[in-house]
Amino acid sequence: MAEIYDLHCHSTASDGALSPTELITRAHEQGVTSMALTDHDTTAGLAEARTAATAKGIRLIPGIELSVSWHDKCFHIVGLGINPDYPPLAQATQDLQTVRVERAEKIAHKLEKKRIPGALEAVKHAAGDGMITRTHFADFLLSQHHVSTQQEAFDRYLGQGKPAYVSTSWAEMNQAIKWITESGGVAVLAHPLRYKLTANWMKRLLTAFKEAGGQGIEVVTSRINADEIKLIAGYAASFGLAGSKGSDFHNPENQWVELGRLAPLPSAIKPVWELLEF
Ligand code: AMP
Ligand code: MN
Ligand code: MN
Ligand code: MN
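Rules used throughout
Residues numbered from 1 in each chain as written. Chains lettered and ligands numbered in written order. Predicted model: local features only at pLDDT ≥ 70, side-chain atom pairs only at ≥ 80, totals over all residues. Heavy atoms only, no water. Helix = DSSP H or I, 4+ residues; strand = E, 2+ residues; numbered from the N terminus. Rg over C-alpha atoms; globule rule 2.2 N^0.38 Å. Buried < 20%, exposed > 50% of the residue type's maximum accessible area, 1.4 Å probe, protein only. Lys, Arg positive; Asp, Glu negative; His and termini not counted. Charge placed at Lys NZ, Arg CZ, Asp CG, Glu CD. Donors = N, O, S within 2.8 Å, 3.2 Å for Na, K, Ca; no water. Core = buried A, V, L, I, M, F, W, Y, C linked by side-chain atoms within 4.5 Å. Near = heavy atom within 4 Å. Polar contact = N/O pair within 3.5 Å; in protein donor to acceptor, adjacent residues only side chain to side chain. Areas by Shrake-Rupley, 256 points an atom, 1.4 Å probe, with all protein chains shown as cover. Nonpolar A, V, L, I, M, F, W, Y, C, P; charged D, E, K, R; others polar.

A.B. asks: Would you mind showing me how to read the overall build of the chain here?
C.D. replies: When helices and strands are tallied, the chain shows nine helices and eight strands. A compact globule built from 278 residues should have a C-alpha radius of gyration of about 19 Å, and the chain, at 18 Å, falls within 12% of that. Here the C-alpha coordinates of the chain stretch approximately 55 × 45 × 40 Å along the principal axes. Here the chain holds 278 residues, and 52% of them are scored as buried. Averaging the locations of the 27 positively and 31 negatively charged side chains of the chain gives two centres separated by 7 Å.

Here is the structure:
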């Protein structure tokens, strides 16, 4: 049977719509054979995912998607094959929860100034025990009819430079890569084209990422075309990085993104799963 990998997706432990069990069930229905749960700055969904994956016969790779700061810009690093119990990593996720709560308070305050009250209570309720993200704010703005799409919520309120944007000091990139690698995992630069970097800045980023111990780059993600895959594959080759693939699935209502439904990794690229122990 052909292996189908999906090494980037979200559950209700962060901004995904499905619980870890629902996510694994859906992945199984889609034919996924190996998947990584990579919630934003938390590993809280992994235990439930492990139980569900064992029941369905899916190989679960314990993961995380860490928000990091580098040159005052936010980047996402996916950690694959991490040990969530590695004390510095466990401490980091705890600290990041505090960072995210304090940021949510500031975002809500800014929305209040725009005469949009009630956001903090709503996002806390929606996130439950999970990490609060801007996706929760976008959903709140949607539910209150301040916007008509999630994208519009980012364009008008939540995106960088918009009225409810709060700049945040995330973990330092080098530090985050250390937490991942020292816990036994592989650090992968997530969705490299989403940062809108010039070629020069991309090279600086990848140089720094590699020097810090980063080993992989997401070559295949959702909503990406063949030219873009080629471009990233070129970066992977130049910087000696393994290639990952992941849908970044959040919500079954987004018909453009499905678990496991991804283009193949270009054959010249070393697959990141060859670096992972199962
Ligand atoms: P945060 O980590 O709290 O800043 O939230 C970032 C999350 O918001 C991302 O992981 C995406 O799921 C979501 N997001 C960011 N930009 C957009 C956008 N333009 N449209 C929809 N969702 C977005
Ligand atoms: Mn997200
Ligand atoms: Mn991301
Ligand atoms: Mn993601």
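From this point on, the discussion continues.
A.B. asks: Looking at this structure, how should I read the coordination of the manganese ion (ligand 3)?
C.D. replies: Ideal geometry at a metal centre gives angles of 109.5 degrees when four donors are arranged tetrahedrally and 90 or 180 degrees when six donors are arranged octahedrally. Here the manganese ion (ligand 3) is held by the protein donor atoms E65 (OE), H76 (ND1) and H191 (NE2), which lie 2.1 to 2.2 Å from it. In this model, the manganese ion (ligand 3) sits 5.7 Å from the manganese ion (ligand 2). With H76 in strand β4 (residues 73–80) and H191 in the loop between β6 (186–189) and α8 (199–211), the pair connects residues that are 115 residues apart, well separated along the chain. For H76, a relative accessible area of 17% gives the class buried.

A.B. asks: Looking at this model, I keep getting lost on the nonpolar core. Mind explaining?
C.D. replies: A general tendency of soluble globular proteins is for nonpolar side chains to be buried together. Among the nonpolar cores identified, the biggest contains 72 residues, and M35, L80, M173, I217 and V219 are the most heavily contacted of them. In terms of nonpolar packing, the next biggest core, distinct from the first, is built from 20 residues, L111, A119, V123 and V147 among them.

A.B. asks: Explain the site of ligand 1 here, please?
C.D. replies: With respect to spatial proximity, the complete set of residues near ligand 1 consists of D15, H40, R100, R103, T133, R134, T135, Q150, Q151, F154 and H250. For ligand 1, an oxygen atom lies 2.9 Å from a polar atom in the side chain of H40. Here ligand 1, which alone exposes 490 Å², has 78% of that area covered by the protein. Looking at the shell around ligand 1, the elements that each hand over two or more residues are α3 (87–113), α5 (134–143) and α6 (150–158). Of the residues forming the shell around ligand 1, the biggest block, three residues, is contributed by α6. Taken together, the residues of the shell around ligand 1 sort by class into one nonpolar, six polar and four charged.

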